[in-house]
Amino acid sequence: LLFYTLTCTTMKKIAFSFLFALITLNISAIGNPPSLTIQIDTMENNVLYYKIFNKSGVLIEEAFWKDGKNIGIFIRYHDNGVLAQQFNFDEQGRRVGKQKYFFKNGEERLAGRWANGEMDGRIVWYTEEGEIESSISRNVGTVDKRITAF
């Protein structure tokens, strides 16, 4: 009797989950296409290469994924297709190397270097017109108090 009760309870949960999924899919399909499309390709050594597209079909992100974290190059785009962010992750998922952020008009917004997941060296912020707005010097583990605003 206990097995039968457990089976009935389990079946009810599965049926409810299935119906909920169907209702959710039907609601999203009625005049509301999904807002994102994710394309995943498997690479060697369990590394996934993925791309995310917005509802207009514009690529908004592409990167590599392994063991629950980004690794390698990571690129994100604005909804208009212009590059928004470009940076790298090491095998532990920490940011490393050159990092850049861009405005929707394509002008650089921020540029700097990261080491072990932290800002390292000079980080520069720009205006949308390409002028230097401010900068900070930082070495991993310390912050240089000299912040320059222009």
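Residues numbered from 1 in each chain as written. Predicted model: local features only at pLDDT ≥ 70, side-chain atom pairs only at ≥ 80, totals over all residues. Heavy atoms only, no water.

Colleague: Where do I start with the overall build of the chain in this structure?
Modeller: A tally of helices and strands in the chain yields one helix and 11 strands. Counted from the first residue to the last, the chain has its helices and strands arranged as α-β-β-β-β-β-β-β-β-β-β-β. Looking at the chain as a whole, 25% of its 150 residues are labelled buried. Restricting to contacts in the chain with at least 6 residues of sequence separation, those with at least 24 account for 6%. Within the structure as shown, the chain displays about 10500 Å² of accessible surface, and the carbon and sulfur contribution to it stands at 59%. (Helix = DSSP H or I, 4+ residues; strand = E, 2+ residues; numbered from the N terminus. Buried < 20%, exposed > 50% of the residue type's maximum accessible area, 1.4 Å probe, protein only. Contact = heavy atoms within 4.5 Å. Areas by Shrake-Rupley, 256 points an atom, 1.4 Å probe, with all protein chains shown as cover.)

Colleague: I would appreciate a short explanation of a negative patch on the surface in the present structure.
Modeller: Together, Glu107, Glu128, Glu129 and Glu131 give the surface a local cluster of negative charge. As for its position among the elements, Glu131 is in the loop between β9 (121-126) and β10 (132-139). (Patch = residues over 30% accessible without salt bridge, like charges linked within 9 Å, V, L, I, M, F, W, Y side chains within 5 Å. Salt bridge = Lys/Arg side-chain N within 4 Å of Asp/Glu carboxyl O. Lys, Arg positive; Asp, Glu negative; His and termini not counted. Charge placed at Lys NZ, Arg CZ, Asp CG, Glu CD.)

Colleague: Hey, could you run me through the packing of aromatic side chains in this one?
Modeller: Geometrically, a pair of aromatic rings is defined through the distance of the ring centres and the angle of the planes. Across all of its chains, the model carries five aromatic pairs by this definition. Every member of this aromatic cluster is reached through a ring pair, and the members are Phe74, Phe87, Phe89 and Tyr101. We note Arg95 situated over the ring of Phe87; from NZ or CZ to the ring centre the distance is 4.0 Å. Over the aromatic face of Trp114 sits the side chain of Arg95, whose NZ or CZ is 5.9 Å from the ring centroid. (Phe/Tyr/Trp six-rings, centres within 6.5 Å; stacked < 30°, edge-to-face > 60°. Lys NZ or Arg CZ within 6 Å of the ring centre and 35° of its normal.)

Colleague: I'm lost on the nonpolar core in this one. Help?
Modeller: Considering soluble globular proteins, one finds that nonpolar side chains tend to be buried as a cluster. By size, the foremost hydrophobic cluster in this structure holds 12 residues: Tyr50, Ile52, Ile60, Ala63, Phe74, Phe87, Phe89, Tyr101, Leu110, Trp114, Ile123 and Ile136. Sorting the residues of this core by element identifies β2 (48-54), β3 (59-66), β5 (83-89) and β7 (108-115) as the ones contributing at least two each. When sequence neighbours within four positions are dropped, the list of residues in contact with Ile52 reads Leu36, Thr37, Ile38, Val58, Leu59, Ile60 and Glu61. (Core = buried A, V, L, I, M, F, W, Y, C linked by side-chain atoms within 4.5 Å.)

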